[in-house]
Each structure stands twice: as structure tokens, then as C-alpha cells.
Amino acid sequence: MQVHRRRVVITGVGLVSPLGVGTAETWQGLLDGRSGVGPITHFDTTGYGTRIAGEVKDFDPAQFVDKKEVKKSDRFIHLALAAAQFALRDSGFVVTEENADQVGVDVGSGIGGFPLIERTHTILMEKGPDRVSPFFIPGCIVNLAAGQISIATGARGPNTAPATACTTGLHAVGDAFRLIQHGYAEAMIAGGTECAVSPLSLAGFSAMRALSTRNDEPQKASRPWDKDRDGFVIGEGAGILILEERDAAVARGASIYAEIVGYGMSGDAHHISAPHPEGLGASSVMRAALKDASLPPESIGYINAHGTSTGLGDIAEVRAIKQVFGDHAYRLAVSSTKSCTGHLLGAAGGLEAGILALAMKHQILPPTINLDHPDEGCDLDFVPQRPRAVDLEVALTNSFGFGGTNGALIFRRHQV
């Protein structure tokens, strides 16, 4: 028996990134080929091998959160609330008493409130347990970004928060897509948020030798597929989308960015942090998304790649693309917007899903900057240095995370 699947469209995009506070600012930064990476200002990096990150500059949480509430929660929650507000404003969608039970929130984070955890631990050690705030736990746990968005908007539908490392944001959008597809919700506020530019986080990733140490040239540090890449650049921000059942969105006259038509998930079953060297998990997840969308590989015109600027990850993704698309791999375009934003960990998939929606709306591909000398085997069309006008019908976005957790989404230009 064939199950009826409802159509799901994207009607709003809210982005807060190292390129700017707001969707338009982030998109313009990509079109300008600008890097949002710079010296870390959140804390003193003396003694650290890596002293650069993609920080969100000039972010005032009091513009998005009641001033009395700001100190009660971590920055990852503030970033999520801001991105959700941008997305809702963009979509024109309003949560009402009549529709609240059918509007859900699916916003995850890879790590949650690291900075607040660190600060609170210091208070505990220096001043004792009686000085720990009663707001500490709800201020830092992963699902409270979704919880706070639900409280702020009145959305009473499904409320959930994946925590699947760097695939979190994409999984959140994909899971929200499924909830609408199968009738559990009419609309979803979905994506990822992260604020892991903190002393302990930086020390931990540095100990893994995962981070770039190009401290003297921070804007050139994130360089996917380039032979001189030396690790990823950690970033912070949030990317949140408004998803709606297609007929309802059309009926209310919503402006539609794209339709989500395919979602894939897979596991590498290989290593806690390294991808499978042949990209087996990555290839299987792209095939799963294509199967879900009932589309042939040749239909894909562009891939917003995971492309983190790591030695193993970049080449594994290229190998996976070649496995899935064969000769067509050399005809489609592939770019990594992490070259501009750095790697937002659990927020990356939400940010990049939003960027892909913008690319489809404006019919412009964002570039891979800093790709000066492609590494051996990295011979695809990576849209180097400059954006490109295109006629784009179907596109795919990838996210891969520690533990071998993978996700892929396929967007198609909306058809009546």
C-alpha cells in the first residue's frame, strides 16, 4: 500500500552567522565572497594553538530576548531565538490559537550551552554549590532552544531537538519535513543553533588536531579542497527555516523558496571522528535522499557540500559524489559555504539548508572561496572564488557528523 505523502515547502529563512546578523546580511556576505573568520574575541586565547573562529559580530541578544531573560540562558539559545524571529518575519507565518497545536519546533544543537556550563563550573569551584543559578540547567541543555522558541511563539505541536553532532541542523529540517509529510504537523520551525566558541571547546578540538592554525591569515583559514588546508574553523550561529504543508502555504499566498522532496540518513559504522575513507556513508546517504525523492542522479544540478576544510573529510566527500553521480559528477556544481562562515557544528546543516533555499530563490550559487590550488583528486566544479548565476531546478545539501552520522536533503524548484 502506497502511503500518501503531503508536499512540504520552505516559506521562511532566518540566518545568524559570522557573515552577519540576519538573512540578507549573510546572503550578501556570500555573494561578496567574504570570510567571517577572524581573531577570537570571546575570551583570551593566549596559549592556544588556534586563535581564530567564525564569531557572530555585533550581536545584541537584548534585541531578541527580554533583557531580564538574557542572563538566564546560553548564547546558543539567544542565536536560535533571533534566527527564528527572522524566519517567521520572512515567511509571514503567524502562530495563532487556532493553528498552534499543528505548529511544531524542531531545533537542535550539537553541544548546547558550553559557555554557560564553563562559567557555572567556575562559580561552583570558586564559590560553592549554593551560588549555582537555578536557571543553569534550563539555560544550557540542548532542547531548550526549541523549548524557548515554542514558548515565545506559542507553537504547541511536535517539540523536539536532535543532537547529532555536525548533522544536527540538517536532521532537524529533515525530521520536520517528515512530520509535515505524514500529517503530524501543518508547519514547523526547524534548524540548528550553536555557540561553541569557548575555552573548553577550543581546547578539545585543538587536542584532536582538527582545527586550522592559520592564525595570521584568519580569512584564508577555511579552504575546502585546497591542498594547503589544515583543518576546519569553528564557528557559531543559527539557521532556522519555516516549513509548511504546500497547499496551505499556497492558500495563504506565501512566497515559496523551494519544495523539499528528498531526505536521507545513514551511518558510517567506521570511526568516532574520521569519515570512511571511501565515503561509503556519504554515498549511501545521497543515494537514500535520491531514492526518497524518486529522482535520478542526473537531476541534481548543485550540491551544497559539507566541505569542512579537513584533509580526510573533503576528499571522502568528493569520492562519495563520484560514486553516486558517475560522469555527471563533473557536470554538476559543488561548493562549500563553510569557506566563508567556518563550521557551525550543530548549526551548520540549518544554515546551509537556508543558504540552499536562497540559492534556489535567487538562482545564484554561492562560491567556495580560498580555493587557490585544488588538492589531488579534488577535480570537480567547486564554484571557486565567485558566485555564479544558474538555471537550477534540483539541488542537494550534505551534512556529516562525528560518530559517522550523515544526512542529505534535496530541494526542487516549486512547481504548481
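A brief report on the enclosed structure follows. Note that the coordinates shown come from a computational prediction; the quantities given were computed from them, not determined experimentally.

Thresholds applied
Residues numbered from 1 in each chain as written. Predicted model: local features only at pLDDT ≥ 70, side-chain atom pairs only at ≥ 80, totals over all residues. Heavy atoms only, no water. Axes fitted to C-alpha atoms, helices over the stretch in contact; angles between N-to-C directions. Helix = DSSP H or I, 4+ residues; strand = E, 2+ residues; numbered from the N terminus. Parallel < 35°, antiparallel > 145°, perpendicular 65-115°, else oblique. Left-handed = near helix turned anticlockwise from the far one by under 90°. Contact = heavy atoms within 4.5 Å. Nonpolar A, V, L, I, M, F, W, Y, C, P; charged D, E, K, R; others polar. Buried < 20%, exposed > 50% of the residue type's maximum accessible area, 1.4 Å probe, protein only. Salt bridge = Lys/Arg side-chain N within 4 Å of Asp/Glu carboxyl O. Polar contact = N/O pair within 3.5 Å; in protein donor to acceptor, adjacent residues only side chain to side chain. Phe/Tyr/Trp six-rings, centres within 6.5 Å; stacked < 30°, edge-to-face > 60°. Core = buried A, V, L, I, M, F, W, Y, C linked by side-chain atoms within 4.5 Å. Arc of directions from axis to C-beta. 1 Å grid on protein atoms, 1.4 Å probe; cavity = no way out; pocket = protein on both sides within 12 Å on 5 of 7 lines; lining within 4 Å. Points joined across faces, edges and corners; volume = space filled by probe spheres on them. Expected span 1.5 Å × (residues − 1).

Examining the packing of helix α10 (residues 280–293) against helix α11 (residues 311–325)
- Where α10 meets α11, the axes come as close as 8 Å, and the angle between the chain directions of the two elements is 40 degrees. One finds that α10 runs oblique with respect to α11. Relative to α11, the crossing made by α10 is right-handed. For the pair α10 and α11, the contacting residues are L280, A282, S283, M286, R287 and L290 in the first and A320, I321, Q323, V324 and F325 in the second.
- A per-class count over the contact of α10 with α11 returns eight nonpolar, two polar and one charged.

Topic: the side chain of H276
- If you trace the backbone, H276 turns up in the loop between β9 (258–267) and α10.
- Residue classification places H276 among the buried residues on the basis of a relative accessible area of 18%.

Observations regarding the pattern of salt bridges
- By the definition in use, this model includes 22 salt bridges.
- Across the pair D391 and R413 runs a salt bridge, and its minimum N-O distance is 2.6 Å. Remark: R413 occurs in the segment after β15 (405–412) and D391 occurs in the loop between β13 (388–389) and β14 (394–401); sequence separation between them is 22 residues.

Observations concerning the side chain of T168
- On the secondary structure map, T168 appears in helix α7 (residues 168–181).
- A distance of 2.7 Å separates a polar side-chain atom of T168 from the backbone oxygen of A165.
- Apart from the residues within four sequence positions on either side, T168 is in contact with G108, S109, G110, P162, A163 and G346.

Observations concerning the packing of aromatic side chains
- Counting across every chain of the model gives six aromatic pairs.
- A ring pair is formed by F59 and F64, whose centres lie 5.6 Å apart and whose planes are at 10 degrees; its orientation type is stacked.
- A residue is classified by how much of its surface remains accessible, and F59, at 10% relative accessible area, is buried.
- Considering the side-chain rings of F205 and F402, the 6.3 Å spacing of their centres and the 50 degrees angle between planes classify their relative orientation as tilted. On the criterion of sequence distance, the pair formed by F205 in helix α8 (residues 199–207) and F402 in the loop between β14 and β15 is long-range, its members being 197 residues apart.
- Three or more aromatic residues joined by ring pairs make a cluster, and in this case those are F59, F64 and F86.

Quick word on the nonpolar core
- With 43 residues, the main nonpolar core has I10, L243, I260 and F411 as its most contacted residues.
- Of all the secondary structure elements, the ones that give two or more residues to this core are β1 (8–17), α1 (23–31), α7, β7 (187–194), β8 (237–245), β9, α13 (348–362) and β15.
- At nine residues, α13 tops the list of elements feeding residues into this core.
- Once residues lying within four places of it in the same chain are set aside, the contact partners of I260 are V8, I10, V173, F177, L243, L409, I410 and F411.

Comments concerning α1
- Among the residues of α1, T23, T26, W27, G29 and L30 are the ones counted as buried. Around the axis of α1, the buried residues are gathered within 155 degrees of arc, so they sit on the same side.
- If you follow the buried residues of α1, they end up packed against β1, β2 (20–21), α3 (75–91), α12 (338–341), α13 and β12 (364–365).
- Immediately downstream of α1, the backbone of G33 shows phi near 65 degrees, a positive value.

Looking at the layout of surface pockets
- By volume, the largest pocket amounts to about 700 Å³.
- In terms of lining residues, the largest pocket is bounded by 37 residues, among which S273, A274, P275, T310 and F402 are the most central.
- The set of elements that each furnish at least two residues to the lining of the largest pocket consists of α11 and β14.
- Broken down by element, the residue count for the lining of the largest pocket peaks at six residues, all from α11.
- Roughly 490 Å³ of volume is contained in the second largest pocket.

Observations concerning α13
- Taking 1.5 Å of rise per residue, the 15 residues of α13 would be expected to cover 21 Å, and the 21 Å separating its terminal C-alpha atoms lies within 8% of that figure.
- Burial analysis of α13 places 13 of its 15 residues in the buried class, the great majority of the element.
- Count one or two residues on from α13 and you reach Q363, which has phi positive near 55 degrees.

Topic: unusual backbone geometry
- Notably, D58 is not glycine yet its phi reads approximately 55 degrees, a positive angle.
- Among the secondary structure elements, D58 is positioned in the loop between β4 (52–53) and α2 (67–70).
- Located in the positive-phi region is N370, a residue other than glycine, with phi close to 65 degrees.
- Structurally, the position occupied by N370 is in the loop between β12 and β13.

What about the environment of L358?
- Structurally, the position occupied by L358 is in helix α13.
- Taking relative accessible area as the criterion, L358 reaches 4% and is therefore assigned buried.
- Along the primary structure L358 and R319 are separated by 39 residues, whereas in three dimensions their C-alpha atoms are 27 Å apart.
- Excluding anything up to four places from it in sequence, L358 contacts V13, L15, T23, W27, Y257 and Q363.

Regarding the packing of α1 against α13
- Here α1 crosses α13 at 75 degrees, and the two axes come no closer than 11 Å. With respect to each other, α1 and α13 are oriented roughly perpendicular. Contacts from T23, T26, W27 and L30 of α1 reach α13 at L351, I355, L358, A359 and H362.
- A breakdown of the residues in the contact of α1 with α13 according to their chemical character gives six nonpolar, three polar and no charged.

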